[in-house]
Amino acid sequence: MAEKHEGFTADERAAMKERAKELKTESKRASAAAKAAEAEKDLLEKIAEMPEADRVLAQRFHEIVSEAAPQLAPKTWYGMPAYNNADGKPVCFFQSAAKFKSRYAMIGFSDNARLDDGAMWPTYFAIADLGEAEAARIAELVKRAVS
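Residues numbered from 1 in each chain as written. Predicted model: local features only at pLDDT ≥ 70, side-chain atom pairs only at ≥ 80, totals over all residues. Heavy atoms only, no water.

Draft legend 1. Spotlight on the packing of helix H2 (residues 32-49) against helix H3 (residues 52-68). Across the interface, H2 lies against H3 with an axial gap of 8 Å and an inter-helix angle of 150 degrees. Looking at the two axes, H2 sits roughly antiparallel to H3. Residues Glu40, Leu43, Leu44, Ile47 and Ala48 of H2 lie in contact with H3, whose contacting residues are Arg55, Ala58, Gln59 and His62. (Axes fitted to C-alpha atoms, helices over the stretch in contact; angles between N-to-C directions. Helix = DSSP H or I, 4+ residues; strand = E, 2+ residues; numbered from the N terminus. Parallel < 35°, antiparallel > 145°, perpendicular 65-115°, else oblique. Contact = heavy atoms within 4.5 Å.)

Shown next, in the form of structure tokens:
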């Protein structure tokens, strides 16, 4: 018989606490420019804290998104790198393999991304390496997500 689990896991609780902390920090910042600069600083600090394998992927993802869609605002979302549209809604994000004890990192697109393609389309992508072909595909998806 499968083990019955009630409530949130420790990782889920930690992610929710991280998000609450992010919201509290955001509300304390003064100007929009200061908020944007501090949000990117927070994102880069979170990337720096990641184990090397995730850190390399997250840093490259940050570079790709920043170049492909400079209008997106970098920030953290549940303790992970995310990129928001002008309405402050997340469009795409990175999930660390180590944080979620997964065998691979993931990049994802929220429902704010304009990736609709018929009646069904992918919104999460497993990422084990970020070579030139993968970088080009991610850049294309990010550009499409904000078009």
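Draft legend 2. Structural detail: the sheet that holds strand E4 (residues 105-109). An order of E1-E2-E3-E4-E5 is seen for the five strands of this open sheet, with the pairing classed as antiparallel. The open sheet has two edge strands, strand E1 (73-77) and strand E5 (124-127), and neither has a second partner. Strand-to-strand twist of the sheet, defined as the mean angle between neighbouring strand axes without regard to direction, takes the value 20 degrees. In the sheet, strand E3 (residues 90-95) pairs with E4 via four bridges, with the strands oriented antiparallel. Paired with cysteine 92 across the two strands is phenylalanine 109, which belongs to E4. Against the sheet, H2 contacts E1 and strand E2 (80-84), and its axis sits at roughly 55 degrees relative to E1. Docked against the sheet, H3 engages E1, E2, E3, E4 and E5, running at close to 160 degrees with respect to E3. (Pairing = 2+ DSSP bridges.)

Draft legend 3. The arrangement of H2 in detail. With 18 residues, H2 extends 26 Å from end C-alpha to end C-alpha; this agrees with the ideal 26 Å at 1.5 Å per step. Taken residue by residue, H2 has Ala39, Leu43, Lys46 and Ile47 as its buried positions. Within H2, the buried residues cover an arc of 100 degrees as seen down the axis, which keeps them to one side. The outward face of H2, more than 90 degrees from its buried face, is lined by the exposed residues Ala33 and Glu49. (Expected span 1.5 Å × (residues − 1). Buried < 20%, exposed > 50% of the residue type's maximum accessible area, 1.4 Å probe, protein only. Arc of directions from axis to C-beta.)

Draft legend 4. Structural detail: a nonpolar patch on the surface. On the surface, Phe8, Met16 and Tyr78 cluster together into a nonpolar patch covering about 290 Å² of accessible area. One can find tyrosine 78 in the loop between E1 and E2. (Patch = residues over 30% accessible without salt bridge, like charges linked within 9 Å, V, L, I, M, F, W, Y side chains within 5 Å. Areas by Shrake-Rupley, 256 points an atom, 1.4 Å probe, with all protein chains shown as cover. Salt bridge = Lys/Arg side-chain N within 4 Å of Asp/Glu carboxyl O.)

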